[in-house]
Amino acid sequence: MSQRQFEKEALKRYANYQIRHPDNTMTPEQWVALLNCYLKREPLLRCAEKARISEAQAAMWYCHFSLAVSAYAIRQTRRKYRA
């Protein structure tokens, strides 16, 4: 699996969890816009405009996405070496 595919899988899992979370306030369309911006490494302001959220919210989600990808990598590594 390429790094890009790995990142997409991690973010897909994270977004699915967040979309179903009871405190979610964004539409699925906003999530897709946000994820696409993150994957394309678009500037925060442009991402915020596309997702119709504040720039601060976009920055927060970019940080959460980075952490989600790292956590997914750790879980995959543990799973690989546990076997």
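Not measured: the values here are computed from a predicted model. (Residues numbered from 1 in each chain as written. Predicted model: local features only at pLDDT ≥ 70, side-chain atom pairs only at ≥ 80, totals over all residues. Heavy atoms only, no water.)

Description of the confidence of the model for the protein
Where the model shows low pLDDT, its predicted coordinates should not be examined in detail.
Part 1: Within the protein, residue pLDDT values average 93, and 99% of them lie at 70 or more.
Part 2: Here helix α1 (residues 3–20) stands out as the element of the protein with the lowest mean pLDDT, 92, in contrast to helix α3 (residues 44–51), whose mean of 96 is the highest. (pLDDT = per-residue confidence, 0-100. Helix = DSSP H or I, 4+ residues; strand = E, 2+ residues; numbered from the N terminus.)

Topic: unusual backbone geometry
Part 1: In this model, Arg-41 sits at a positive phi of 60°, which is unusual for a non-glycine residue.
Part 2: Structurally, Arg-41 can be placed in the loop between α2 (28–39) and α3.
Part 3: One non-glycine residue, Arg-52, adopts positive backbone phi at about 60°.
Part 4: Topologically, Arg-52 is positioned in the loop between α3 and α4 (55–82).

Concerning the pattern of salt bridges
Part 1: Enumeration according to the criterion identifies four salt bridges in this entry.
Part 2: Between Glu-9 and Arg-13 there is a salt bridge, with the nearest N and O atoms lying 2.7 Å from each other. Here Arg-13 and Glu-9 lie together in helix α1, a separation of four residues that amounts to about one turn.
Part 3: The exposure class of Arg-13 is partly exposed, given its relative accessible area of 47%.
Part 4: Across the pair Lys-50 and Glu-42 runs a salt bridge, and its minimum N-O distance is 2.9 Å.
Part 5: The exposure class assigned to Lys-50 is partly exposed, which follows from its relative accessible area of 42%.
Part 6: When its relative accessible area of 10% is taken as the criterion, Glu-42 is described as buried.
Part 7: If you follow the salt bridges from partner to partner, you end up with Glu-9, Lys-12 and Arg-13 in one network. (Salt bridge = Lys/Arg side-chain N within 4 Å of Asp/Glu carboxyl O. Buried < 20%, exposed > 50% of the residue type's maximum accessible area, 1.4 Å probe, protein only.)

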